[in-house]
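# Chain and residue survey
Next come the chains, spelled out residue by residue.
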Amino acid sequence: MMILSLKNIHLTRERSSILAGVSLDVELGSFFVLMGPTGCGKTTLLRIAGLLDVPDSGEVLFRGASVPRKGRERLGVRRKMATMFQDPVMFKGTVFSNIAWGLRIRGCSQRETALRVGEVLELVGLEGFEERDASTLSGGETRRTALARALVLDPELLILDEPTTSLHQSFKRELLGRIKEIHDRTDMTFLMATHDFTDALAVGDTGAVMRDGNIEQSGSMDKILFSPRNRFMASFTGMRNILPAEFCASEALVRDLSIRHTEEKSGHGFLAVPPEVIVISTAPTVTSERNRFIGIVRSITRNGTTWDVELDISGILLTAAVTTGALDELGVSPGSQVHVSFKASAVHVF
Amino acid sequence: MSQLTEAFGIAIRMIFSGDPVVYSIALRTLLIASVATLFASMLFVPLGCLIYFGRFRGRRLVVAFIQTMYSVPTVFVGMLVFLLVSRSGPMGSMGLLFTPWAIILGEIALIAPIITGLTISALQSTGQGLADTAAALGASRGRIILKVLSEARYAVLTSLLMGFGRAVSEVGIAIMVGGNISGYTRTLTTAIALGVGKGETAASIALGLILLSLAMLVSIAVNLMQNRAG
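Starting afresh in each chain, residues are numbered from 1 along the sequence in its written order. Note on labels: chains are lettered from A, ligands numbered from 1, in written order. At least 70 in pLDDT is required for a residue's local features to be given in this predicted model, at least 80 for side-chain atom pairs to be given and counted, and no such filter applies to totals for whole chains, interfaces and linings, which use all residues. In computing side-chain values, all of the structure's heavy atoms are included and hydrogens and water are not.

Attention shifts here to the overall build of chain B. The helix and strand labels rest on DSSP assignments: H or I over at least four residues marks a helix, E over at least two residues marks a strand, and numbering proceeds from the N terminus. Check the secondary structure of chain B and you find 11 helices and zero strands. Along chain B, from the amino end to the carboxyl end, the secondary structure elements read α-α-α-α-α-α-α-α-α-α-α. Principal-axis analysis of the C-alpha atoms places the extent of chain B at approximately 70 × 45 × 25 Å. Across the 230 residues in chain B, those meeting the buried criterion constitute 47%. Once the 15 positive and 7 negative side-chain charges of chain B are each reduced to a mean point, those two points are 13 Å apart. For every residue, the accessible area (1.4 Å probe, protein chains only) is compared with the maximum for its type, and the residue is labelled buried under 20%, exposed over 50%, or partly exposed between those bounds. For this count, His and the chain ends are skipped, Lys and Arg are scored as positive, and Asp and Glu as negative. All charge positions are set by atom: Lys at NZ, Arg at CZ, Asp at CG, Glu at CD.

Stacked, tilted and edge-to-face pairs are distinguished by plane angle, under 30 degrees for stacked and over 60 for edge-to-face with tilted covering the rest, among Phe, Tyr and Trp rings (Trp via its six-membered ring) whose centres lie within 6.5 Å. Per the counting criterion, the structure on display carries seven aromatic pairs over all chains. On the numbers, 5.2 Å between centres and 55° between planes, the contact of F31(A) with F190(A) is tilted. One end of the pair, F31(A), is in strand 3 (residues 31-35); the other, F190(A), is in strand 8 (residues 189-194), and 159 residues separate them in sequence. For F31(A), a relative accessible area of 0% gives the class buried. Measuring from centroid to centroid gives 4.9 Å for Y52(B) and F53(B), while their planes differ by 80°, and the two rings are edge-to-face. Overall, Y52(B) belongs to the buried group, its relative accessible area being 9%. Under the relative-accessibility criterion, F53(B) is labelled buried at 8%. Aromatic ring contacts, followed pair by pair, group F197(A), F232(A) and F236(A) into a single cluster.

A few words now on the sheet that holds strand 17 (residues 306-313) of chain A. Strand pairing in a sheet relies on backbone hydrogen bonds, with the paired strands running either antiparallel or parallel. Residues and elements named next belong to chain A. Whether two strands pair comes down to DSSP finding at least two bridges between them. Across the sheet, which stays open at both edges, the five strands sit in the order 15-19-16-17-18 with antiparallel pairing between neighbours. Two strands bound the open sheet, and with one partner strand each, they are strand 15 (279-281) and strand 18 (316-322). This sheet shows a mean twist of 45° between the axes of neighbouring strands, independent of strand direction. Relative to strand 19 (residues 337-342), strand 15 is paired through three bridges, and the arrangement is antiparallel. Looking at strand 19, one finds that I280 is bridged to V340. Inter-axis angles, ranging from 0 to 180 degrees, are taken between N-to-C directions of lines fitted to C-alpha atoms, where helices are fitted over the stretch in contact.

A few words on helix 8 (residues 153-169) of chain B. Residues spaced three or four apart along an α-helix point in a common direction, a consequence of the helix completing one turn every 3.6 residues. Residues and elements named next belong to chain B. Look at helix 8: 25 Å from first C-alpha to last across 17 residues, which is about the 24 Å you get at 1.5 Å a residue. Along helix 8, the residues that are buried comprise Y154, V156, T158, S159, L160, L161, G163, F164, A167 and V168. Throughout, a contact is declared for two residues whenever any of their heavy atoms are within 4.5 Å. At its buried positions, helix 8 is contacted by helix 2 (20-53), helix 5 (100-125), helix 7 (141-151), helix 10 (188-197) and helix 11 (201-229). Multiplying 1.5 Å by the helix residue count minus one yields the expected span of that helix.

Looking now at the sheet that holds strand 8 of chain A. All names here are of chain A. The six strands lie next to each other as 6-7-8-3-9-10, forming an open sheet whose pairing is mixed. Looking at which strands have only one partner, the edges of the open sheet turn out to be strand 6 (81-84) and strand 10 (214-220). Taken over all neighbouring pairs, the strand axes of this sheet differ in orientation by 15° on average, direction set aside. Bridge count for strand 3 against strand 9 (residues 206-211) is four bridges, and the pairing is parallel.

This next bit is on the nonpolar core. In plain words, nonpolar cores are sets of buried Ala, Val, Leu, Ile, Met, Phe, Trp, Tyr and Cys residues tied together by side-chain atoms within 4.5 Å. One finds M35(A) and L147(A) to be the most contacted residues of the largest nonpolar core, which totals 114 residues. Considering each element in turn, this core owes the most residues, 12 residues, to helix 2 of chain B. Setting aside residues up to four positions removed in sequence, M35(A) forms contacts with C40(A), K42(A), T194(A), F197(A), A200(A), G207(A), A208(A), V209(A), M210(A), M221(A), I224(A) and F236(A). Core analysis: the next-biggest nonpolar cluster, separate from the first, contains 29 residues, I259(A), V273(A), F293(A) and V332(A) among them.

Now for the interface of chain A and chain B. Facing the 21 residues of chain A at the interface are 16 residues of chain B. Accessible-area loss on putting two parts together, using a 1.4 Å probe and summing over both, is the definition of buried area adopted here. Carbon and sulfur atoms make up 60% of the surface buried where chain A meets chain B, a total of about 1600 Å² over both sides. Of all residues in chain A, F91(A), K92(A) and W101(A) bury the most surface against chain B, accounting for 36% of the area lost on that side. By salt bridge we mean one thing: a side-chain nitrogen of Lys or Arg within 4 Å of a carboxyl oxygen of Asp or Glu. In this structure, the connection of chain A to chain B is made through one salt bridge. One salt bridge in this structure joins R47(A) and D132(B), with 2.8 Å as the shortest N-O distance. Pairs of N or O atoms are called polar contacts if they sit within 3.5 Å, as long as, within protein, a hydrogen donor faces a hydrogen acceptor (for residues adjacent in sequence, only side-chain-to-side-chain pairs). Our enumeration of links across chain A and chain B arrives at six residue pairs in polar contact (both at pLDDT 80 or more). Mapped onto the side of chain A that touches chain B, the elements with two or more residues apiece are helix 2 (72-78), strand 6, helix 3 (95-104) and helix 5 (139-151) of chain A. For the side of chain A that touches chain B, a count of residues per class yields 12 nonpolar, two polar and seven charged. Polarity classes work like this: nonpolar for Ala, Val, Leu, Ile, Met, Phe, Trp, Tyr, Cys and Pro, charged for Asp, Glu, Lys and Arg, and polar for all others, with Gly in that last group.

Right, let's get into the packing of helix 6 (residues 128-136) of chain B against helix 7 of chain B. Residues and elements named next belong to chain B. Following both chains from N to C, one finds helix 6 and helix 7 inclined at 135°, their axes separated by 9 Å at the closest point. Judged on the interaxial angle alone, helix 7 and helix 6 are oblique. Between helix 6 and helix 7 lies a crossing whose hand is right-handed. Contact residues: helix 6 offers L130, A131, A134 and A135, while helix 7 offers I144, K147, V148 and E151. The residue makeup of the contact of helix 6 with helix 7, split by class, is six nonpolar, no polar and two charged. Working definition: roughly parallel below 35 degrees, roughly antiparallel above 145 degrees, roughly perpendicular at 65 to 115 degrees, and oblique for all remaining angles. Helix crossings are classified by the rotation of the near helix relative to the far one: an anticlockwise turn of less than a right angle makes the crossing left-handed, while a clockwise turn makes it right-handed.

This next bit is on the pattern of salt bridges. Residues and elements named next belong to chain A. Under the defined criterion, the tally for this structure stands at 18 salt bridges over all chains. Measuring nitrogen to oxygen at the nearest pair gives 2.6 Å for the salt bridge that ties R63 to E156. You can see R63 sitting in the loop between strand 4 (57-62) and strand 5 (65-66) and its partner E156 sitting in the loop between helix 5 and strand 7 (157-161), a full 93 residues away along the chain. On the basis of relative accessibility, which here comes to 25%, the residue E156 falls in the partly exposed class. K172 is paired through a salt bridge with D196; the nearest N and O atoms lie 3.4 Å apart. Within this pair, whereas K172 is found in helix 6 (residues 169-185), its partner D196 is found in the loop between strand 8 and helix 7 (197-203), the two being separated by 24 residues in sequence. In the salt-bridge network here, residues are joined through shared partners; they are K172, R173, D196 and D199.

All we've got here are geometric facts, nothing functional implied.
Next comes the structure, spelled out in structure tokens:
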């Protein structure tokens, strides 16, 4: 059952196309992540999904029923959703009055309002903040208040637009963890936009990646992570060593270099070799790995906790990720000749 | 010079002894400007909302025009109202000329652009995010407008004070359509304008000092409002 479906959404502003026929389906109860680089149209799409804007053409369906472009019925559907914006705006007044507002306009009794506000404050970890002036909150507290303000309405669909941008790394992790936990504890469906693939992986179960107003790929997060459809998707998901290749059965030609893989593909395409799967040794070793080459070390640079060793294999550059211990053991330096190997099954083909 | 000091002395005494003529003029002036501001706020705060929230073609042009009208000359408004309410004018049969209502009508017209324009600015200063937030929390269109208006209330009140300040201190309309009739349409400004010419220096100074204090009070109130709005 789909809680939200967007069908062929088009939007043009100032003669440039912002959304060029976007369709997507959000399953009831899922945590759907809308990904893509900044400026690809995520926010615009979320505003349409949240019934705040109307597209030029296309249809929004909520629980299978088409949502009218205006009128009471549209307001009725909008009241089953809540959107938290990228830069939440606080109303003047206390944290309590901010969170209570949505309930107040729905005619909720004072008793119930107080009860529910207390509950959501606990849920977002802001117990005792009721009487704080909302304009004195820190960035993280403002986000959490905005989250509580949306959650208190108990929406069927919660829309979150980049909820963690411009937060410090540790606060970001904490807020994301909380959001994920709330999703798991309630039966709400979450639709979240982020430009950060790592954040998306941390919380999402399904998702879609956008580029220039189009959906590049959608499906389960595993599918997006492990089976990128094209070169853009591969680099978006953080794949490295992406090479253009000519495919012929289980062999791929990258210029003159033949690389073996386990997919059936022919014609032009791309392959990617994850840096972690590349093994370097100074002497030829007996391995079962079907891709074996000789290369020259071009450079060695630190990359977080591991080292990136850039290899030149007959003019083709590949980067291998090596731990500090393994690097010491190898004793290589730029200019060294090394043996390079990796499994055919580790090669991504698209 | 000594004549002037003497007049000043009498003026101060008039103010502190509660001179009935001086105070009746001051009270009338306040009443006329208050009624004008009240009517103008009832008409032009909603109009400002309508223009801000209405998505129509040429909105920016309308706003630019309203802003230009902030400093419309009072005699120009006075002339228009005169033509409107004089016996041969379209509202001539109502017999408004040389009554306080004519002044009120003129002052409403005078401060209409200030109240409309500053209301629009007040709403604008809340930012699009506020209206979006209200909408995202399930507010109807009417609710959104009320919420934005309530968040901008101090700035809107400032616009009313500015309008009141202008109405109190204008002279062109009150003279042209009020006629400075003693005990009926004589206001602070018209009394001063004509009193000085007639040699009623002390009374004019007294009235001038009252007018100045009123203007200062309005300005202080505007400052207080702007602090709260900020």
